[in-house]
Amino acid sequence: MSAPQTPRGRPAPRPATGAVPGGFAGQLLAFGEELRLEGVAVGTSALLDAVAALEAIEWTSQRDFRDALAATLPKRQDERRVFEVVFDRFFFRAAAAAALREDVHEQDGGAGADREGDGPDLDLEELRRQIAEAIQAQQEGQMRDLARLAIAAFGQRGQGSGVVGVDVQRIRRSLGLQAEPQTDLPPDDPRRDGIPRDGLRRFEALLRRELERAQIERNRSLPPSRPLNELDRALPSGPLQDLAAVHRVVAVLRRRLATQGMQARGHRHHAHVDVRRTMRASLQTGGVPVVLKYRPRRPRRPEIYVLCDVSTSVTSASVFFLSVLHALHDSFRKMRSFVFIERISEVTDIFATERNFRTVSERIGKDAGVADVSGYTDYGRVWSEFRALVEDDLHPRATVIVLGDARTNGRDPRADIFAGIAAKAGRTFWLNPEPRLYWNYGDSVIAAYERYCTAFECWTTRQLEDFVRALTQPGLAPPATR
Amino acid sequence: MPGLPDSALDVAAGLRRVGYLPGDSTALVAFLATRLGKPVLVEGPAGVGKTELAKALAAYLGRELVRLQCYEGLDEAKALYEWNYRKQLLRIQAEADGTGWDRVQDDIFGEEFLLPRPLMTAIASEEPVVLLIDEIDKTDQEFEAMLLEVLSDFQISIPELGRVDSRTHPVVLLTSNNSRELTEALKRRCLYLWLDYPSLEHELEIVRLHAPELPQAVALRLVEIIGMVRELDLKKPPSIAESIDWARTLLLLGVEEIDADVFTETLSVIVKHRTDLDIVTERVGLKLPRAEVLAGAAESDVRSPDA
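Rules used in this analysis
- Starting from 1, residues in each chain are numbered consecutively following that chain's sequence as written.
- Going through the entries in the order they are written, you letter the chains from A and number the ligands from 1.
- Totals for whole chains, interfaces and linings use all residues, but because this is a predicted model, local features are given only for residues with pLDDT of at least 70 and pairs of side-chain atoms are given and counted only at 80 or more.
- Segments assigned H or I by DSSP are reported as helices when at least four residues long, segments assigned E as strands when at least two residues long, and all are numbered from the N terminus.
- Residues are treated as contacting if the C-beta atoms built from their backbones sit within 7 Å of each other.
- Here exposure depends only on C-beta density: within 10 Å of a residue's C-beta, 20 or more other C-beta atoms make it buried, 12 or fewer make it exposed, and intermediate numbers make it partly exposed, the C-beta atoms being placed from the backbone.
- In this usage, the nonpolar core is the set of buried Ala, Val, Leu, Ile, Met, Phe, Trp, Tyr and Cys residues whose C-beta atoms join them within 7 Å.
- Note that Gly is not counted as nonpolar here; it falls among the polar residues with everything else outside the nonpolar set of Ala, Val, Leu, Ile, Met, Phe, Trp, Tyr, Cys and Pro and the charged set of Asp, Glu, Lys and Arg.
- Strand pairing follows a simple DSSP-based rule, namely that at least 2 bridges must link the two strands.
- Angles shown run from 0 to 180 degrees and are taken between the N-to-C directions of axes, each axis being a line fitted to C-alpha atoms and, for helices, limited to the stretch in contact.
- Known as pLDDT, the predictor's confidence for each residue is given on a scale from 0 to 100.
- Read the arc as the range of directions from the helix axis to the C-beta atoms.
- By the definition adopted for this analysis, an angle is roughly parallel if under 35 degrees, roughly antiparallel if over 145, roughly perpendicular if from 65 to 115, and oblique otherwise.
- The sense of a crossing depends on the near helix, which, turned anticlockwise from the far helix by less than a right angle, makes the crossing left-handed and, turned clockwise, makes it right-handed.

Focus: the overall build of chain B
Along chain B, the regular secondary structure elements total 15 helices and nine strands. Looking at chain B alone, contacts between residues at least 24 apart form 78% of all its contacts between residues at least 6 apart.

Description of the overall build of chain A
When helices and strands are tallied, chain A shows 18 helices and six strands. Relative to its 482 residues, chain A shows a buried fraction of 34%. Taking as baseline every contact in chain A between residues at least 6 positions apart, the subset at least 24 positions apart corresponds to 70%.

Side note on the nonpolar core
Core analysis: the largest hydrophobic core is formed by 97 residues, its most contacted members being Val40, Leu57, Leu191, Leu193 and Leu222 of chain B. One finds Ile304, Leu322, Val402 and Ala406 of chain A within the second-largest nonpolar core, a separate group that totals 48 residues.

Regarding the interface of chain B and chain A
The partner chain A presents 31 residues to the 28 residues of chain B that form the contact. With seven residues, helix H2 (residues 24-36) of chain B is the largest single contributor of residues to the side of chain B that touches chain A. Taken together, the residues that form the side of chain B that touches chain A break down as 14 nonpolar, five polar and nine charged.

Let's talk about the sheet that holds strand E2 (residues 64-69) of chain B
Residue and element names in this part refer to chain B. Read from one edge of the open sheet, five strands run E2-E5-E8-E1-E9, paired in parallel fashion. Where the open sheet ends on each side, the last strands, each with one partner, are E2 and strand E9 (191-194). Across the sheet, the mean angle separating the axes of adjacent strands is 20 degrees when strand polarity is ignored. For strand E5 (residues 129-134) and strand E8 (residues 171-176), the ladder comprises four bridges, and the chain directions are parallel. Along E8, the bridge assignment pairs leucine 131 with valine 172.

Here's the deal with the sheet that holds strand E4 (residues 398-403) of chain A
Residues and elements named next belong to chain A. Ordered in space as E3-E2-E1-E4-E5-E6, the six strands form an open sheet in which the pairing is mixed. This sheet does not close on itself; its edge strands, each paired only once, are strand E3 (344-346) and strand E6 (454-457). Across the sheet, the mean angle separating the axes of adjacent strands is 20 degrees when strand polarity is ignored. Across four bridges, strand E5 (residues 427-432) lies against E6 in parallel orientation. For asparagine 432, the partnering residue across the bridge sits in E6 and is glutamate 457. Relative to E3, helix H15 (residues 379-390) is tilted by about 35 degrees, and along the sheet it contacts strand E1 (303-309), strand E2 (335-340) and E3.

So, the confidence of the model for chain A
Residues and elements named next belong to chain A. This prediction gives chain A a mean pLDDT of 71; 63% of its residues lie at or above 70. The secondary structure element of chain A with the lowest average pLDDT is helix H9 (residues 230-233), at 36, and the one with the highest is helix H2 (residues 44-56), at 89. Note that residues 261-267 has pLDDT below 50 and, in this model, eleven contacts with residues that lie over four places away or in other chains.

Digging into unusual backbone geometry
Even without a glycine there, the phi angle at alanine 406 of chain A is positive, about 60 degrees. At glutamate 135 of chain B, a residue that is not glycine, the phi angle is positive and equals roughly 55 degrees. Relative to the elements of secondary structure, glutamate 135 of chain B occurs in the loop between E5 and helix H8 (141-153). Using a count of 19 C-beta atoms within 10 Å as the deciding quantity, one classes glutamate 135 of chain B as partly exposed.

Section: the environment of alanine 425 of chain A
All names here are of chain A. Relative to the elements of secondary structure, alanine 425 occurs in the loop between helix H16 (415-424) and E5. Between the alpha carbons of alanine 425 and leucine 394 there is a distance of 5.6 Å; along the sequence they are 31 residues apart. When residues no more than four places from it in sequence are discounted, the contact partners of alanine 425 are Leu394, Ala398, Thr399 and Val400.

Structural notes on H16 of chain A
Residue and element names in this part refer to chain A. Among the residues making up H16, those that are buried are Phe418, Ile421 and Ala422. Seen from one end, H16 has its buried residues packed into an arc of 95 degrees, which puts them on one side. When the buried face of H16 is taken as reference, the exposed residues oriented beyond 90 degrees from it are Asp416 and Ala423.

Thoughts on the packing of helix H10 (residues 200-210) of chain B against helix H11 (residues 216-231) of chain B
Residues and elements named next belong to chain B. Remark: H10 packs on H11, axes separated minimally by 9 Å, with the N-to-C direction vectors making an angle of 130 degrees. One element, H10, and the other, H11, form an angle in the oblique class. In terms of crossing hand, the pair formed by H10 and H11 is right-handed. Contact residues: Leu200, Glu203, Leu204, Val207 and Arg208 in H10; Ala219, Leu220, Leu222, Val223, Glu224, Ile226 and Gly227 in H11.

Points about the pairing of E1 of chain A
All names here are of chain A. For E1, the tally of buried residues reaches seven of seven residues, placing the bulk of the element in the interior. Side-chain alternation along E1 places Glu303, Tyr305, Leu307 and Asp309 on one buried face and Ile304, Val306 and Cys308 on a second face that is also buried. One ladder, built from six bridges, connects E1 with E2; its direction is parallel. Considered in E2, the bridge of aspartate 309 is made with phenylalanine 340.

Looking at the environment of cysteine 308 of chain A
Residue and element names in this part refer to chain A. Following the sequence through the fold, cysteine 308 ends up in strand E1. The buried category is assigned to cysteine 308, around which 23 C-beta atoms lie within 10 Å. Here the alpha-carbon distance between cysteine 308 and phenylalanine 338, two residues 30 residues apart in the chain, equals 6.1 Å.

Looking at the confidence of the model for chain B
Residue and element names in this part refer to chain B. Here chain B shows a mean pLDDT of 82. Residues at 70 or above account for 89%. The low-confidence segment residues 294-307 (pLDDT under 50) makes eight contacts with residues lying over four places distant or belonging to another chain. The complex model carries a pTM of 0.62, and its ipTM stands at 0.77.

A closer look at the packing of H15 of chain A against H16 of chain A
Residue and element names in this part refer to chain A. Packing of H15 against H16 leaves a shortest axis separation of 8 Å and a crossing angle of 35 degrees. Along this stretch, H15 crosses H16, giving a crossing that reads as left-handed. On H16, the residues touching Trp383, Ser384, Phe386 and Arg387 of H15 are Ile417, Phe418, Gly420 and Ile421.

Structural notes on the environment of proline 118 of chain B
Residues and elements named next belong to chain B. Looking at the secondary structure, you find proline 118 in helix H7 (residues 118-124). Classification of proline 118 as partly exposed rests on a count of 19 C-beta atoms within 10 Å. On a C-alpha basis, the gap between proline 118 and valine 66 in space is 6.2 Å, while along the polypeptide they are 52 residues apart. Aside from chain neighbours lying at most four places away, what touches proline 118 is Val66, Arg67, Leu68 and Ala79.

Pasting the structure below:
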């Protein structure tokens, strides 16, 4: 079997059905490789730690085994989530591949969506009850057995579509499992109050797993592995297709922003003598303070104002912009964020209280209150409101970043107000999610604003990187560079 | 003093003995930390027992806990060591006449003039210790970089004195509230443990451990309500410490059943923000039965202990 190609164009780590060389260590390396393909940065040292951790524990419980790997390989909460998914998938596939190699398969009926008519008659109503009870009692082992029974019963009725995802939903529906309360059922039915949502999800996962196992057994080969992207799929995609790539760039951005400004330190002298350190240094000259020590000054972080267009014309890009905003908030204490459509609304608080990017975007969508009457951006109004909000705070050390497409929908761009803002602020940047080709066509008035700020086209991650470079290279801190 | 544990189960049992109920992976990671000698980075929301874990681990292992509380602007002089320059100065003056410079110089940069700060204390201690570096995300990145030497090699370089190697191997815990992304270099050297709010049963157990006199039914109701409150979109969801506080408050008041009135009166124990108070009263308070309604239905509402 040839190595399946992942959609990202990189070859899959190993031919899935072949034995991995190097025994268990090889398996572990393959697992690490698979994690890397999903964007979890697994270093060699992490893999060494994993091996050391596995040596320290008993291998009798799958949970311990997984937790030991989880403690050493992923280093962030979101990586941990990816890890769980990849772990399940990897070891399931590894087990299935081994079963194929050794030619092990199930003797009697059971999980087999295509076996019609054979196997014991199942009382569907009783099965429904038991499954609902098992889910509510959260009994994993029982749920797995019942999932197999359900698939068998389902197969008997000959409704298998052959597509795993479709079958899972069909089985779930035919079992009458829902999260919502079903008041028409008798009061002693466990499904009456609705099934807990996570329980339901786990049961679906088990169904999927068993169906896949049956399919693999039927086809005698593993389907090509797909890179998981359900983490990203929840977010709308757009010109910036690969949000994972965006997140990577944003991570770089975050690091650069966090470390930049350090170079400026030490070059400038300032007046605060650190008495303690001077005394300490004077010891080397016999108590005479020859060398004056200055109190180290924290690099003065610039104040940043970010305005982000969230109107429909930039829907896809605004998700990306919001994630940039989110990253910026990690690095700057003095940062105020605004979103705008027709009017402007400050969202600094939302970013300050929420860590999770998805909740942030939900909350902004829900209660930012940008007075979205027409859904059309009104830049003129936005500028004047922005000026009213921050006029007194703007100073030459402030940086203003606007994220938007500069499409005014025929309204007055009021570049004069924008010019006023740009003049008061130290630096002004504009990130436009449209290719430069489309600038100033139709109702785009970017040229009117470009006179007062530095505009960047920003619709690929590479361009975002360019912007980050431009933003950080001269250093945001010293206003003197302007 | 117990030696190093043999299995994760030992750790779990030991932590229980000292009054800390660990989750499964918590015990396992703590065990791995003692085994592999690697620092553990503990992340999670505020108030899920990150700092407590370190204290419990110290109590269980019979070790001293050395704590370094991080804050913005924390520097080497406060974390590693400092020269006791007053003493050095005195020494210079006392021996000003007649002593050769070389001798004085040798003298004043000896261990006698070193003021050890937490990291130094942990490294140089004769007995193995548990080192807790609390809220590492509050410091700046330079400090993190400085920690790398300590965390990976357990040594500190002092220019005047040379290298101080650790005599014993400390168990190191770093906690972070995730208010800032930590550097890859630091993370790479650590085991990772994510502590989340405990499950209902787990929290019930914790509350029962800390307030054993509280009736089971009330305790169950309490953790259920806490769970509901945490679901809400709050500035600061109640921590485990606050559920314990609440349990003790209810115990003090001799409450038999949590009804809407009791809830509103004692709400300030678990919710500490003006806006949060409003949200919780509105969303959770109204769902609770009122006292007079309850009087009639008291029997039916009391749950069995194993429910």
